[in-house]
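Listed below are the residues making up each chain.
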Amino acid sequence: QIPKDPTQRWLRELTTLSQQLQQVHPNVLAKILKQRTVYQNEEIVVIDKPYGLPVHGGPGIKNCIADVLPVLAKMLENMKAEPLHLCHRLDKETTGVMVLARSKEAAEKIRVLFKTRQVEKIYWAIVLGDPDPVEGVVEIPIVEKEVQSHQSHYKMTLAPNYRLCAEDGKVVKLRKNRRAESAVTRYRRLAAASACSLLELQPVTGVKHQIRVHLAYGLGCPILGDHKYSHWSKLAPQKLPELTLRRLKLEQSKARHLPLHLHAHRLCLPLGQPLDFVCKPPLFFQKTLRKLELDIPKD
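Residues numbered from 1 in each chain as written. Predicted model: local features only at pLDDT ≥ 70, side-chain atom pairs only at ≥ 80, totals over all residues. Heavy atoms only, no water.

Draft legend 1. Representation of the domain arrangement of the protein. In terms of domain boundaries, the protein breaks down into domain 1 (1-116) and domain 2 (120-269 + 282-290). Computed from C-alpha atoms alone, the centre-to-centre distance between domain 1 and domain 2 is 24 Å. Of the residues lining the interface, 20 residues belong to domain 1; the matching set on domain 2 comes to 23 residues. Between domain 1 and domain 2, the buried area comes to about 1,800 Å², and carbon and sulfur atoms account for 67% of it. Where domain 1 meets domain 2, there are one salt bridge. With a closest N to O distance of 3.0 Å, R212 and D91 form a salt bridge. One can count five residue pairs in polar contact (both at pLDDT 80 or more) joining domain 1 with domain 2. When contributions to the side of domain 1 that touches domain 2 are tallied by element, the ones reaching two or more residues are α1 (6-23), β4 (95-101) and α4 (104-115). It is α1 that contributes the most residues to the side of domain 1 that touches domain 2, five residues altogether. Its residues assigned to classes, the side of domain 1 that touches domain 2 shows 11 nonpolar, six polar and three charged. (Domains from an automatic or database assignment. Contact = heavy atoms within 4.5 Å. Buried area = accessible area lost by both parts, 1.4 Å probe. Salt bridge = Lys/Arg side-chain N within 4 Å of Asp/Glu carboxyl O. Polar contact = N/O pair within 3.5 Å; in protein donor to acceptor, adjacent residues only side chain to side chain. Helix = DSSP H or I, 4+ residues; strand = E, 2+ residues; numbered from the N terminus. Nonpolar A, V, L, I, M, F, W, Y, C, P; charged D, E, K, R; others polar.)

Written out as structure tokens, the structure is:
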């Protein structure tokens, strides 16, 4: 049945949309991506990635972007087009700017630009709480660890190089975790209201789940709808502040349906001349901003 409550209806629609993307024929999915093409030239195709669509396949995943690249290439060019190539990845729940290459050579060139940190990436995220300070850099290595709980699972987490000594409060250097990858995220607050903030983020490195881990465990401001990184030891829905629930017209028991509010807003690619791509946040993200009374900055 269709829920009467508009918020419930809106969350149900999102979940359904995500499931539908998994059920449609690959050709239909390619068509959706074609409609979401924001730029193309002889080397690259830039799409606005929809919510809930994985980039790569895996267990239980029927449709992903990687699988429909040959079909999408033909739709954009002609029957003889060679398949498009992935240059970088976004999480399944992340929306926004994504670059695809028309050839292996172009893909390799762009991957090197990502690897050597020449690509400027700007994300927007709605987070719980208010970062202190409101602008800064999180520079803490990240490592994947197994979480021992009633349901054993893996998560990325912080592997700091320093800690505060309990006795005298002095900073102590720790032994480096050999498996940890260095991770750097710049952030600044754009708006704050309803016990939440809108942050602009610039990941300098590209470690898996880096933004989510740095915000949740480094700043203590998990991304709204990030149920995975809002707790460490349990897999449970995110606990939301009273004010946030009121503004969203949501009960805590329904918080598990909230989508991840992380959006790849802008990407600057130095290919010959610098190419600058911007994707507006998806409708659900804009709706949340309005409900929480977070003002979208005018670009």
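Draft legend 2. Here's a closer look at empty space enclosed by the protein. One pass over the structure, following the stated rule, counts one cavity of 30 Å³ or more. Breaking the lining of the largest cavity down by element, the ones donating at least two residues are β5 (120-128) and β13 (262-271). Among the residues forming the lining of the largest cavity, the class breakdown is six nonpolar, one polar and two charged. Built from parts of two domains, the lining of the largest cavity gets at least three residues from each of domain 1 (1-116) and domain 2 (120-269 + 282-290). (1 Å grid on protein atoms, 1.4 Å probe; cavity = no way out; pocket = protein on both sides within 12 Å on 5 of 7 lines; lining within 4 Å. Points joined across faces, edges and corners; volume = space filled by probe spheres on them.)

Draft legend 3. Broad picture of the layout of surface pockets. Reported here for the largest pocket is a volume of approximately 720 Å³. Counting only elements with at least two residues in the lining of the largest pocket, the list comes to α4, β5 and α5 (210-218). Each residue belonging to the lining of the largest pocket can be placed in one class, and the counts come to 10 nonpolar, seven polar and nine charged. Two domains each provide a minimum of three residues to the lining of the largest pocket, namely domain 1 (1-116) and domain 2 (120-269 + 282-290).

Draft legend 4. Examining the packing of aromatic side chains more closely. Counted according to the given criterion, the structure contains four aromatic pairs. Taking the centre distance of 5.9 Å and the plane angle of 75° together, the rings of Y217 and Y229 count as edge-to-face. Within this pair, whereas Y217 is found in helix α5, its partner Y229 is found in the loop between α5 and α6 (242-248), the two being separated by 12 residues in sequence. Exposure remark for Y217: the relative accessible area of 23% places this residue in the partly exposed category. (Phe/Tyr/Trp six-rings, centres within 6.5 Å; stacked < 30°, edge-to-face > 60°. Buried < 20%, exposed > 50% of the residue type's maximum accessible area, 1.4 Å probe, protein only.)

Draft legend 5. Spotlight on the environment of E135. Mapped onto the elements of the fold, E135 is located in strand β6 (residues 135-139). As a C-alpha pair, E135 and L201 span 66 residues in sequence and 9.9 Å in three-dimensional space.

Draft legend 6. The arrangement of the nonpolar core in detail. In terms of nonpolar packing, the biggest core is built from 44 residues, with I65, L84, L100, L201, L215, I223 and L262 touching the most fellow members. Ranked by residues supplied to this core, first place goes to helix α3 (residues 65-76) with six residues. When residues are assigned to domains, this core turns out to be shared by domain 1 (1-116) and domain 2 (120-269 + 282-290), each giving three or more. Once residues lying within four places of it in the same chain are set aside, the contact partners of L262 are E93, T94, T95, Y123, W124, A125, L201, I211, R212, I223 and F285. By size, the runner-up hydrophobic cluster in this structure holds 23 residues, among which are L11, W124, A193 and F284. (Core = buried A, V, L, I, M, F, W, Y, C linked by side-chain atoms within 4.5 Å.)

Draft legend 7. View of the pairing of strand β7 (residues 142-147). The sheet contact formed by β7 and strand β8 (residues 153-158) spans six bridges and is antiparallel. Paired with E146 across the two strands is Y154, which belongs to β8. Hairpin connection between β7 and β8: a loop of five residues separates the two successive antiparallel strands. (Pairing = 2+ DSSP bridges.)

Draft legend 8. Region of the structure containing the packing of α1 against helix α7 (residues 283-291). At a closest axis distance of 12 Å, the pairing of α1 and α7 adopts a crossing angle of 155°. Taken together, the axis directions place α1 and α7 in an arrangement best described as roughly antiparallel. Seen from above, α1 lies across α7 with left-handed handedness. Seen from α1, the contacting residues are T7, W10 and L14; seen from α7, they are F284, K287, T288 and K291. A breakdown of the residues in the contact of α1 with α7 according to their chemical character gives three nonpolar, two polar and two charged. (Axes fitted to C-alpha atoms, helices over the stretch in contact; angles between N-to-C directions. Parallel < 35°, antiparallel > 145°, perpendicular 65-115°, else oblique. Left-handed = near helix turned anticlockwise from the far one by under 90°.)

Draft legend 9. Layout of the packing of helix α2 (residues 26-35) against α3. In contact at an axis separation of 8 Å, α2 and α3 are set at 65° when each is read in the N-to-C sense. In terms of axis orientation, α2 runs roughly perpendicular to α3. For the element pair α2 and α3, the recorded crossing hand is right-handed. Here α2 contributes P26, N27, L29, A30, K31, L33 and K34 to the contact with α3, which in turn contributes I65, V68, V71, L72, M75 and L76.

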